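# Inside the fold
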Amino acid sequence: MNSLKTYLLAGCGVAAVLGAPTAHAQQAETETDGIADIVITAQRRSESLQDVPLAVSALDSERIKEAGFKDVEDLTSTVPNLNISALWGSSSPKIFMRGIGNNNFNQTAESKVAVYLDQVYLSAPSGQLFQMYDLERIEVLRGPQGTLYGKNATGGAISVYSKLPGRDTEGYVRAGYGNYDAYELEGAATLPLSDTLSARVAGTWSKRDGYVKDLGTGKTVNDAEQWAARAILRWQPSDAVDIKLNVHGGSSDSTHNNSVHRGIFDPAQLALGNFVKMSANDIIAGNAVDILGYADPNPDPYVNTYEGDTFAKVDLVGVSLVSDFELGDGYTLTSVSGYEKSKRHVLQEGNGAPSTIFTIDWGPSTFESISQELRLSSPTDSSFSWLVGAFAFHEKGTVHNFYNLASVSFALGFDAFDQYYTQKTDTFAAFAQGSLALTDRLNLTLGGRINHEKRKLDHRTFATTAAGVSVFPGPLFDLQLSESWTEWSGRAAIDYEIADDVLLFASVNRGFTSGGFNTGAFNDPVGAERIFNPETVVSYEAGIKSTLFDRRLRINATAFLYDYSDLQVFTFTAGGLQFIENASNATIKGIELEVQAMPVDNLELGASVGLLKSEYKDFVRETGGVTEDLSGNRLIGAPNSQFNIVGKYTVPTSKGDFWLRGDYSYSGHRYYDERELRELSSQGATENLNASIGYTGMNDKFELSFWVKNLTDEVTIIDVVEVGLFGYQNVWYNMPRTYGLSLEYRF
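Presented here is an overview of the structure given in this document. As the structure is a computational prediction, the values presented were derived from the model and not from experiment. (Residues numbered from 1 in each chain as written. Predicted model: local features only at pLDDT ≥ 70, side-chain atom pairs only at ≥ 80, totals over all residues. Heavy atoms only, no water.)

### Structural notes on empty space enclosed by the protein
This is how it is decided: For cavity detection a 1 Å grid was placed over the protein atoms alone, and a set of points counts as a cavity when a 1.4 Å probe fits there but cannot get out; an open set counts as a pocket when protein lies on both sides within 12 Å along at least five of seven lines, with lining residues being those that have an atom within 4 Å of a point. Grid points are joined across faces, edges and corners, and a volume is the space filled by probe spheres set on the points. A run of H or I in DSSP counts as a helix once it spans at least four residues, and a run of E counts as a strand once it spans at least two, with each numbered from the N terminus. Each residue gets one of three labels, nonpolar for Ala, Val, Leu, Ile, Met, Phe, Trp, Tyr, Cys and Pro, charged for Asp, Glu, Lys and Arg, and polar for the others, Gly among them.
Counted by the stated rule, this structure contains 19 cavities of 30 Å³ or more. Estimated volume of the largest cavity: approximately 380 Å³. Along the wall of the largest cavity there are 35 residues; nearest its centre are Leu117, Gly127, Phe130, Leu316 and Glu340. Breaking the lining of the largest cavity down by element, the ones donating at least two residues are strand 8 (120–122), strand 16 (224–238), strand 17 (241–254), strand 20 (311–328), strand 21 (331–349) and strand 22 (359–377). Looking at the second largest cavity, its volume works out to about 180 Å³. Looking at the second largest cavity, it is lined by 16 residues, and the ones nearest its centre are Gly101, Lys112, Leu567, Gln568 and Val569. Here the lining of the second largest cavity is built from residues that sort into 10 nonpolar, five polar and one charged.

### Description of the sheet that holds strand 40 (residues 717–723)
Selection rule: For two strands to be treated as a pair, DSSP must find no fewer than two bridges joining them. Interaxial angles span 0 to 180 degrees and are taken between N-to-C directions of axes, which are lines fitted to C-alpha atoms, for helices over the stretch in contact.
One open sheet accounts for three strands, arranged 18-41-40; its pairing is antiparallel. The sheet terminates laterally at strand 18 (259–263) and strand 40, the two strands that pair on one side only. Strand-to-strand twist across the sheet, computed as the mean angle between neighbouring axes with direction ignored, equals 25°. As defined by bridge partners, strand 18 adjoins strand 41 (residues 728–733) across five bridges and the pair is classed as antiparallel. Bridge pairing links arginine 262 to glutamine 729 in strand 41.

### Regarding the pattern of salt bridges
Heads up, the rule is: Here a salt bridge means any side-chain nitrogen of Lys or Arg lying within 4 Å of a carboxyl oxygen belonging to Asp or Glu. Classification of residues uses two cut-offs on accessible area relative to the type maximum, computed with a 1.4 Å probe and protein chains only: under 20% is buried, over 50% is exposed, and between them is partly exposed.
One pass over the full model with this rule turns up 37 salt bridges. Residues lysine 94 and aspartate 719 are paired through a salt bridge, measuring 3.1 Å at the closest nitrogen-oxygen approach. Within this pair, whereas lysine 94 is found in strand 5 (residues 93–97), its partner aspartate 719 is found in strand 40, the two being separated by 625 residues in sequence. For the pair lysine 94 and aspartate 719, a shared accessibility class is recorded, and that class is buried. The partner of arginine 441 in a salt bridge is aspartate 500, and the shortest N-O contact between them spans 3.5 Å.

### Here's the deal with the environment of histidine 248
Along the chain, histidine 248 turns up in strand 17. The spacing of histidine 248 and serine 320 is 72 residues in sequence and 8.7 Å in space, taken between C-alpha atoms.

### As for the side chain of serine 539
Applied cut-off: Residue contacts follow a heavy-atom distance rule, with two residues in contact if any of their heavy atoms lie within 4.5 Å.
Locating serine 539 in the fold gives a position in strand 30 (residues 535–548). The class of serine 539 is buried, set by a relative accessible area of 0%. With residues up to four places along the chain from it excluded, the contact list for serine 539 reads Pro144, Ser507, Val508, Asn509, Leu561 and Tyr562.

### A short note on the sheet that holds strand 7 (residues 113–117)
Within the open sheet, the five strands sit side by side as 3-9-10-7-8. Their pairing is mixed. Both edges of this open sheet fall to strand 3 (56–60) and strand 8, since each of them pairs with a single strand only. For this sheet the average axis-to-axis angle between neighbouring strands, irrespective of direction, equals 20°. As defined by bridge partners, strand 3 adjoins strand 9 (residues 135–142) across five bridges and the pair is classed as antiparallel. Residue alanine 58 lies in a different strand from strand 9, and its bridge partner there is glutamate 139.

### Topic: the layout of surface pockets
Its volume calculated, the second largest pocket comes out at about 940 Å³. Thr41, Ser46, Gln119, Lys244 and Asp324 are the residues nearest the centre of the second largest pocket, which is lined by 34 residues in total.

### Quick notes on the packing of aromatic side chains
Each aromatic ring pair is specified by the distance between its two centres and by the angle formed by the two planes. Filter applied, for reference: The aromatic pairing rule takes the rings of Phe, Tyr and Trp, using the six-membered ring of Trp, and pairs them if the centres are within 6.5 Å, calling planes under 30 degrees apart stacked, those over 60 edge-to-face and the rest tilted.
Under the defined criterion, the tally for this structure stands at 20 aromatic pairs. With 6.3 Å between their ring centres and 15° between their planes, phenylalanine 391 and phenylalanine 393 make a pair best called stacked. By relative accessible area, which is 13% here, phenylalanine 391 ends up buried. By relative accessible area, phenylalanine 393 is classed as buried at 2%.

### Comments concerning the pairing of strand 10 (residues 156–162)
Counted residue by residue, strand 10 has seven buried out of seven residues, so it is predominantly covered. Residue alternation in strand 10 divides its side chains into two sets, Gly156, Ile158, Val160 and Ser162 and Ala157, Ser159 and Tyr161, and both sets are buried. Two elements, strand 7 and strand 10, share five bridges in a ladder whose sense is parallel. Across the sheet, residue tyrosine 116 finds its bridge partner in strand 10, namely serine 159. Two strands pair when backbone bridges link them, and strand 9 and strand 10 are joined in this way by seven bridges, in the antiparallel orientation. By the bridge assignment for strand 10, arginine 142 is matched with glycine 156.

### Looking at the nonpolar core
The criterion, for reference: Definition used in this section: a nonpolar core is a set of buried Ala, Val, Leu, Ile, Met, Phe, Trp, Tyr and Cys residues joined via side-chain atoms within 4.5 Å.
Judged by nonpolar contacts, the single largest core of 29 residues is most densely connected at Ile357, Phe358, Leu405 and Phe726. For this core, the elements supplying multiple residues, two or more each, are strand 22, strand 40 and strand 41. Grouped together as the second largest cluster of nonpolar side chains are 22 residues, Met97, Val115, Leu135 and Val140 included.

Written out as structure tokens, the structure reads:
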């Protein structure tokens, strides 16, 4: 398969007859064969996936374990039109869904895909790539989720649910070892404390050596160590009361050096004092230099020379209290209270080279949030069911960044600058959604949300020496900004059951992403004072959900069209400044197909396909006296095509079950800059093949498996950032082939 056309034809052909075993969140006791039912809470009620008029991908604990998922980033290989990359470990993820995402790497950059952990909203990027362990399920809602999931859900929502304690003692322990001297330990246990009280404790720890060799020291860098733990106390004094107290925390510590340096200036022109950018081919070939005349002499992306040691540290802690009260006659009151705190400290060597242009000490920064949601839902057995609720959220982020640019102080007039800022956010919302059964098979759903948000920023930046001593009597910037916005979002949907287990649906959804302030690293006083407003998207969507052939085949398909207004674009200008602006409108349209099949017993096969077309509209801007018309360009991080194929075959024996599993994913060419520059792109499609083989025995109590990720050892570019003022790019590559053994015991 050497062409995109061949890949797409193959993917679509497989998808027509196969299906991705995406989830078995809960299985009815009466089902003994075929594809199990999937129960989700995407609409804040327990419903079958096939009855919900939404584009949702769901994964249960078994699917998560089989695929070897460790954090939210791994979902990219399963969910159509979803791309997640983590350039600096878990400290600053970039999440894109259906072409909607945030390319901003600063600490206040809220994701346009809302992330929830046990129904609690996680706003700070440093808290979103938490480790996935001992989970009940994951639900990925694609498209604007403005009614029930609130602000910043223009792209969609990712909801992760921990496994809750039950009535019986049970649990597991797992240990693993792999290449790069990788160790892993994980375990969980449910402990009944009384007839009404139970607890579940779970934890995970992993450690591995780096896979990037630093020629300067002869050591490997980009090593990582992380741990996480959780304790859930569940009280059920009666059938009408269910209260869950969840205390959790974790930490990640890694060396930060993992990008490759790539110059962009013409060396001959630089020798004459001219800063001239070379062609894309020359830049990619390594013929260009940075502002200091350096070019990386080593073409191997996993071998580099760095100036010094760096690190990336993230610490997380949180508490949530989720309470469900049945009030009688089918009415339920739900309270979700949450507290989340994340600390982030990153030391970044700016250009990934021995001739350090600058270093950035990002932090330490702290983000704390408190949230409270109340929901009241009606019975579901009447022709009209409804849900109403209110939401309050407060967050305080405190950031201290130090930028050491002593090597290029001639470009600024001083050696460094010290940045301090505090941002406070207060959000209040009210929402309601109702569903009316027009006939036995036809339903109408209407929902709406009103959201008010206020933000305040206290931002100061000082010009300093490399030692941090101020060189001017006062700050370069001293800003006190405040702004508030009131926005509405909503949903109208209709669904019709044309036959048993075949559902058609169509919907119109409106969502928005909140406005904010420009707290970027490199800014001028004018840029720092810019306030960007909310962006909105209206989505038109239609789909089908079907379960066929005695539950042997499941096909879910969705088509959508987005009308995007006041698009927030993160810009890194040729002059080196960065800011967010409401720069453009945009349109996005696409098709998604998820199919799941069990053609014979013991064989699960599947595929999913995502096709996407996106373009900016009316996007004209002036930078450095040059007018750019970017209308018609593709949105950042939005490939035209994605698909994955997965299969698992099990051989039952009297001694246990032997199984073989494999999955393959493909993602088309992606641009990492709105200008559609080839040197700022993935430089082609990316592919990944994973495989595992294992044995399960002792009445399902024991499991041994051998796994390989990136089996063909593909080398692909996952992101590129250009700092044009200093004449270089940072290029990030995927992880090379990894493999290992895993041993699990269940009790």
